[in-house]
Amino acid sequence: MKIAQVCPYDMDRPGGVQAHIRDLGAALEALGHEVTILAPLVGEQAPPRNGPRVVRLGRARRIGFGGTAYEISIALGEEKKRLASLVETGCFDVMHYHTMWTPLLPFQVFLRSKTANVATFHDTPAPTFEGRMLAHAFRAMSRMLLPKLDGVVTPSEAPLGHLARVGPPVTILPPCTDLSRFASARPARRPRFDDGRVNILFLGRLETRKGAALLLDAYRKLASEALALRLIIAGKGEMEQSLREFAAAHALPNIEFVGGFTDEEAPQLYADCDIFCAPAAYGESFGIVIVEALASAKPVVAAANAGYRSVLTGEGARFLTPPGDVDALADALRTLATDSALRAKLAAWGPPHAMAYDARAVAPRFVALYEEAIARFKARKAI
């Protein structure tokens, strides 16, 4: 098959959706399919990397809304003509759209598509006023959009509440990534993190939705106890300065702000920690960072939002904490930080559980989905 993956985000920015698109594409190519990623350009284009071909169409501008960052993308002028030519002459068998609500590039492609169309709805709006507005808008739009699709995917049950029950049946398929770089040949811990302290890692965007401020407040509670801890915060975003100011105002010891990182640097960050913490209180449909941490043999403490609950099951569910509950977060971190045997038990449990979400394990399920979508498209055209 010739498959187009349509991403509304900057493929050079680290993110779960981008990792899923890139690594799913590589796994599909390994199965003999041809994959092209259509994505906007933000700033200067990064050097080419291994994986499926990425075609840049139009520009994107980053905005903030509802406690997270989005990119509004659009192709204009010559870029719009290039988009039309690529879509209409590319001979694609299926177009797969991700976070299709994000304007406007996915809809520009969709309106020109003459083949089977599949969409993954990654979005889970926040339980805020803005989030409720988005959910209401999504439900209204989905009533019109879903009947025109040939396949509908959600990463978990979390996004189902804002999709109308019309059109093709919804398939729940987890986002996947290449876990081999986390599960095998794990790097050694860097010396500066190997001083006997228990290292807690946060890895993600520094924005309200991801919950770094909640973790910092929990760490403040733990810092008053006689515990040998260190907090590593990896990522960047609009909250970085306020997080640094909070740490300074409370004289919190042993905190390291790593800043931005590349996909290639992520395995080392997991290797440096003893506990991974994902405190996002809302807005998560899955949790690729959790899967990466588990594949890296790290125990995980996470907020029990709908997306994270779909990943942390079985042994891992013990350290799901009520979303937004700083005391519960601190208690879970304390329990793991003071029990090395329990950390070791969860570290052994994690990798086999995580590999169910490896791209090579999940890709055949997407192939079956695409084949069903193509058959559905052909049946619709024959009417």
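Computed from a predicted model, the values in this text were never measured in an experiment.

(A) Quick look at the overall build of the protein chain. Across its full length, the protein chain carries 13 helices and 14 strands. Its C-alpha atoms give the protein chain a radius of gyration of 21 Å, within 12% of the compact-globule value 21 Å for 383 residues. With respect to the three principal axes, the spread of C-alpha positions in the protein chain is 70 × 40 × 40 Å. Within the protein chain, the fraction of its 383 residues that count as buried is 55%. Within the protein chain, contacts between residues separated by at least 24 positions form 69% of all contacts whose residues are at least 6 apart in sequence. As displayed, the protein chain has an accessible area near 16000 Å², and 55% of this comes from carbon and sulfur atoms. The protein chain carries 45 positive and 40 negative side-chain charges, and their two centres are separated by 4 Å.

(B) Structural view of the environment of Thr124. Structurally, Thr124 is set in the loop between strand S6 (116-120) and helix H4 (129-145). The buried category is assigned to Thr124, whose relative accessible area is 17%. Distance in space between the C-alpha atoms of Thr124 and Leu222 is 31 Å, their sequence separation being 98 residues. Sequence-distant contacts of Thr124, that is, excluding residues within four places in its chain, are made with Ala158, Pro159, His162, Gly283, Glu284 and Ser285. Within the structure, Thr124 has its side chain in polar contact with the side chain of Ser285 (distance 2.4 Å).

(C) Representation of the packing of helix H1 (residues 16-30) against helix H13 (residues 359-382) in the model. One can describe the packing of H1 onto H13 by two numbers: an axis separation of 9 Å at closest approach and a directional angle of 80°. Compared by their axis directions, H1 and H13 come out roughly perpendicular. Together, His20, Asp23, Leu24, Ala27 and Leu28 of H1 and Ala359, Arg360, Ala363, Phe366, Val367 and Tyr370 of H13 make up the contact between the two elements.

(D) The arrangement of the sheet that holds strand S13 (residues 300-303) in detail. The six strands lie next to each other as S11-S10-S9-S12-S13-S14, forming an open sheet whose pairing is parallel. Strands at the two margins of the open sheet, each flanked by one partner only, are strand S11 (255-259) and strand S14 (320-321). Direction of pairing for strand S9 (residues 198-203) relative to strand S12 (residues 275-278): parallel, over a ladder of two bridges. Looking at S12, one finds that Leu201 is bridged to Phe276.

(E) Structural context of the pattern of salt bridges. If you walk through the whole model with that rule in mind, you get 24 salt bridges. Of the charged contacts, one joins Arg56 and Asp10 as a salt bridge, the two residues approaching to 3.7 Å between their closest N and O atoms. Pair noted here: Arg56 is in strand S3 (residues 53-65) and Asp10 is in the loop between strand S1 (2-6) and H1, with a separation of 46 residues, a long-range link. Accessibility expressed as a relative area gives 3% for Asp10, which makes it buried. With a closest N to O distance of 2.8 Å, Asp331 and Arg334 form a salt bridge. A residue pair is termed a helical-turn pair when its members lie 3 or 4 positions apart in one helix, as Asp331 and Arg334 do in helix H11 (residues 326-337) at three residues. For Asp331, a relative accessible area of 42% corresponds to the partly exposed category. Residue classification places Arg334 among the partly exposed positions, given a relative accessible area of 25%. Each of the salt bridges in this network shares a partner with another, and the network as a whole consists of Arg205, Glu207, Arg209, Lys210 and Glu284.

(F) Representation of the packing of aromatic side chains in the model. Taken as a whole, this structure holds seven aromatic pairs when the rule is applied. When the centroid spacing of 5.6 Å and the interplanar angle of 80° are considered together, the rings of Phe182 and Tyr270 count as edge-to-face. Placement of the pair is Phe182 in helix H5 (residues 180-183) and Tyr270 in helix H8 (residues 266-271), with a sequence separation of 88 residues. When sorted by exposure, Phe182 lands in the same class as Tyr270, which is buried. For the ring pair Phe286 and Tyr357, a centre distance of 5.3 Å and an interplane angle of 70° mean the geometry is edge-to-face. Pair noted here: Phe286 is in the loop between S12 and helix H9 (288-295) and Tyr357 is in the loop between helix H12 (340-354) and H13, with a separation of 71 residues, a long-range link. Like Phe286, the residue Tyr357 is buried in the burial classification.

(G) How the structure looks around the pairing of strand S5 (residues 94-98). Burial of S5 is extensive: five of the five residues sit out of reach of the surface. Of the two faces of S5, the one lined by Val94, His96 and His98 and the one lined by Met95 and Tyr97 are each fully buried. Bridge count between S1 and S5: four bridges; the pairing is parallel. Its bridge partner being in S5, Gln5 is matched across the sheet by His96. Pairing of S5 with S6, which is carried by five bridges, proceeds in the parallel orientation. Each bridged residue has a counterpart across the sheet, and for Met95 the counterpart in S6 is Asn117. Crossover connection from S5 via helix H3 (residues 105-110) to parallel S6: handedness right-handed.

(H) Structural context of the nonpolar core. Within the largest apolar cluster, 32 residues are counted, with the highest numbers of intra-cluster contacts made by Leu201, Leu203, Tyr270, Phe276, Ile290, Val300 and Ala302. Elements supplying a minimum of two residues to this core: S9, strand S10 (229-234), H8, S12, H9, S13, helix H10 (306-311) and H12. With six residues, H9 is the single largest residue contributor to this core. Residues within four places of Leu201 in sequence aside, it is in contact with Ile232, Ala234, Leu269, Tyr270, Cys273, Ile275, Phe276 and Cys277.

Definitions and cut-offs
- Residues numbered from 1 in each chain as written.
- Predicted model: local features only at pLDDT ≥ 70, side-chain atom pairs only at ≥ 80, totals over all residues.
- Heavy atoms only, no water.
- Helix = DSSP H or I, 4+ residues; strand = E, 2+ residues; numbered from the N terminus.
- Rg over C-alpha atoms; globule rule 2.2 N^0.38 Å.
- Buried < 20%, exposed > 50% of the residue type's maximum accessible area, 1.4 Å probe, protein only.
- Contact = heavy atoms within 4.5 Å.
- Areas by Shrake-Rupley, 256 points an atom, 1.4 Å probe, with all protein chains shown as cover.
- Lys, Arg positive; Asp, Glu negative; His and termini not counted.
- Charge placed at Lys NZ, Arg CZ, Asp CG, Glu CD.
- Polar contact = N/O pair within 3.5 Å; in protein donor to acceptor, adjacent residues only side chain to side chain.
- Axes fitted to C-alpha atoms, helices over the stretch in contact; angles between N-to-C directions.
- Parallel < 35°, antiparallel > 145°, perpendicular 65-115°, else oblique.
- Pairing = 2+ DSSP bridges.
- Salt bridge = Lys/Arg side-chain N within 4 Å of Asp/Glu carboxyl O.
- Phe/Tyr/Trp six-rings, centres within 6.5 Å; stacked < 30°, edge-to-face > 60°.
- Right-handed = clockwise from strand over helix to strand, strands pointing away.
- Core = buried A, V, L, I, M, F, W, Y, C linked by side-chain atoms within 4.5 Å.

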